[in-house]
Amino acid sequence: MDKLQQGIDRMQDQEFEEAAKLFTEAIEDNPEEPLGYINFGNLLLHMQEYERAERFFERALSLDEKAATAYYGLGNVYYDQGTYTKAQEQFLHAIENGLDEADVYFLLGMTFVQQDYHKLALPYLTRASELAVEDVDIQFQYGLCLAQNHQFEEAKKVLNNVLQLAPEHGDALYNLGVVAIYEEAPKKALEHFNKALEVQSDHMLASHAKAEVEKALNQE
């Protein structure tokens, strides 16, 4: 097993010092090989050492300007720090250079969500959902984005699918309730809010929404 793979294994085992040592040795053995820098950048990213991680990813790109995973790593550096427009640019470069994985489309979509550009987010979250049909987080954010774009029928399908994957997903239940309010079905909304509170008794949004719907129904 080569040093890079050993380093990745140590990193997955939370043995960060040993992983750093192995990545350093891999870089010393092959200083013109970008993968060593990318893996060390990923380790530093995991440890939230963003400035150092950025330097390692940029070094990798200086050796190979088509290194898609280096662009992806840089995108994560910027995303984690809330610099969403810079993150978008890097995620797009990663996709342009052949990275066709759910995570890169998901994070690219989420950079737009974080800036309330839900229409721009939708195609990327759609692609992420196609590539990761059983990923609860991806499917939930996709369903939420559909709802934000007033595509309610499709949103309901996706959020119900989330509940198939994770039956006690309080946020999915709450947002099904919100969709029901938009569709002027308050009793259905109340049902969803009650279920959300059954699975998550401290769900403040569901609790507040339930009280508002009950108040409205009692005034009829």
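Residues numbered from 1 in each chain as written. Predicted model: local features only at pLDDT ≥ 70, side-chain atom pairs only at ≥ 80, totals over all residues. Heavy atoms only, no water.

## Some thoughts on the pattern of salt bridges
- Scanning all chains against the criterion turns up 13 salt bridges.
- In this structure, K3 and D29 form a salt bridge, with 2.9 Å as the shortest nitrogen-oxygen distance. You can see K3 sitting in helix α1 (residues 3-12) and its partner D29 sitting in helix α2 (residues 16-29), a full 26 residues away along the chain.
- Look at D29 and you get partly exposed, because its relative accessible area is 47%. (Salt bridge = Lys/Arg side-chain N within 4 Å of Asp/Glu carboxyl O. Helix = DSSP H or I, 4+ residues; strand = E, 2+ residues; numbered from the N terminus. Buried < 20%, exposed > 50% of the residue type's maximum accessible area, 1.4 Å probe, protein only.)

## Points about the environment of M47
- Along the chain, the position of M47 falls in the loop between α3 (34-46) and α4 (50-63).
- Among the residues examined, M47 registers a relative accessible area of 37% and is labelled partly exposed.
- When the C-alpha atoms of M47 and G73 are compared, they prove to be 13 Å apart, with 26 residues separating the residues in sequence.

## Things to note about the environment of E33
- Along the chain, E33 turns up in the loop between α2 and α3.
- Counting along the chain gives 82 residues from E33 to Q115, while the straight-line C-alpha distance between them is 36 Å.
- Here the side chain of E33 touches L35 through a polar contact of 3.0 Å, landing on its backbone nitrogen. (Polar contact = N/O pair within 3.5 Å; in protein donor to acceptor, adjacent residues only side chain to side chain.)

## Remarks on the environment of E51
- One can find E51 in helix α4.
- Here the alpha-carbon distance between E51 and I181, two residues 130 residues apart in the chain, equals 45 Å.

## Brief notes about the nonpolar core
- Within the largest apolar cluster, 56 residues are counted, with the highest numbers of intra-cluster contacts made by F40 and L125.
- Top contributing element to this core by residue count: helix α7 (residues 102-113), with 9 residues.
- Each residue touching L125, except ones within four places of it in the same chain, is listed here: Y105, F106, G109, M110, V113, Q141, Y142 and C145.
- Counting residues in hydrophobic clusters, the runner-up holds 18 residues, among them F140, A189, F193 and A206. (Core = buried A, V, L, I, M, F, W, Y, C linked by side-chain atoms within 4.5 Å. Contact = heavy atoms within 4.5 Å.)

## Observations concerning the packing of aromatic side chains
- All chains considered together, the criterion is met by 8 aromatic pairs.
- Here the aromatic rings of F23 and F40 are separated by 6.3 Å at their centres, their planes lie at 45 degrees, and the arrangement is tilted. With F23 in helix α2 and F40 in helix α3, this pair connects stretches of sequence that are 17 residues apart.
- Classification of F23 as buried rests on a relative accessible area of 0%.
- Three or more aromatic residues link up through ring pairs in this structure, and these residues are F23, Y37, F40 and F56.
- If you follow R127 out to its NZ or CZ, it ends over the ring of Y105, 5.9 Å from the centre. (Phe/Tyr/Trp six-rings, centres within 6.5 Å; stacked < 30°, edge-to-face > 60°. Lys NZ or Arg CZ within 6 Å of the ring centre and 35° of its normal.)

## Some words on the packing of helix α12 (residues 186-199) against helix α13 (residues 204-218)
- One way to put it is that α12 packs onto α13 with a least axis distance of 9 Å and a crossing angle of 150 degrees. Read as a crossing pair, α12 and α13 show a hand that is left-handed. For the pair formed by α12 and α13, the contact residues are P186, K187, L190, F193, N194, A196 and L197 on the first element and A206, S207, A209, K210, V213, E214 and L217 on the second.
- Taken together, the residues of the contact of α12 with α13 sort by class into 9 nonpolar, 2 polar and 3 charged. (Axes fitted to C-alpha atoms, helices over the stretch in contact; angles between N-to-C directions. Left-handed = near helix turned anticlockwise from the far one by under 90°. Nonpolar A, V, L, I, M, F, W, Y, C, P; charged D, E, K, R; others polar.)

## With respect to helix α5 (residues 68-80)
- Between the first and last C-alpha of α5 there are 18 Å, a value that for 13 residues agrees with the 18 Å anticipated at 1.5 Å per step.
- Three or more residues of α5 are buried, namely A68, A70, Y71, G73, L74, G75, N76, V77, Y78 and Y79.
- Tucked inside the fold, the buried residues of α5 contact α3, α4, α6 (84-96) and α7.
- Looking at the residues trailing α5, positive phi occurs at G82, about 80 degrees. (Expected span 1.5 Å × (residues − 1).)

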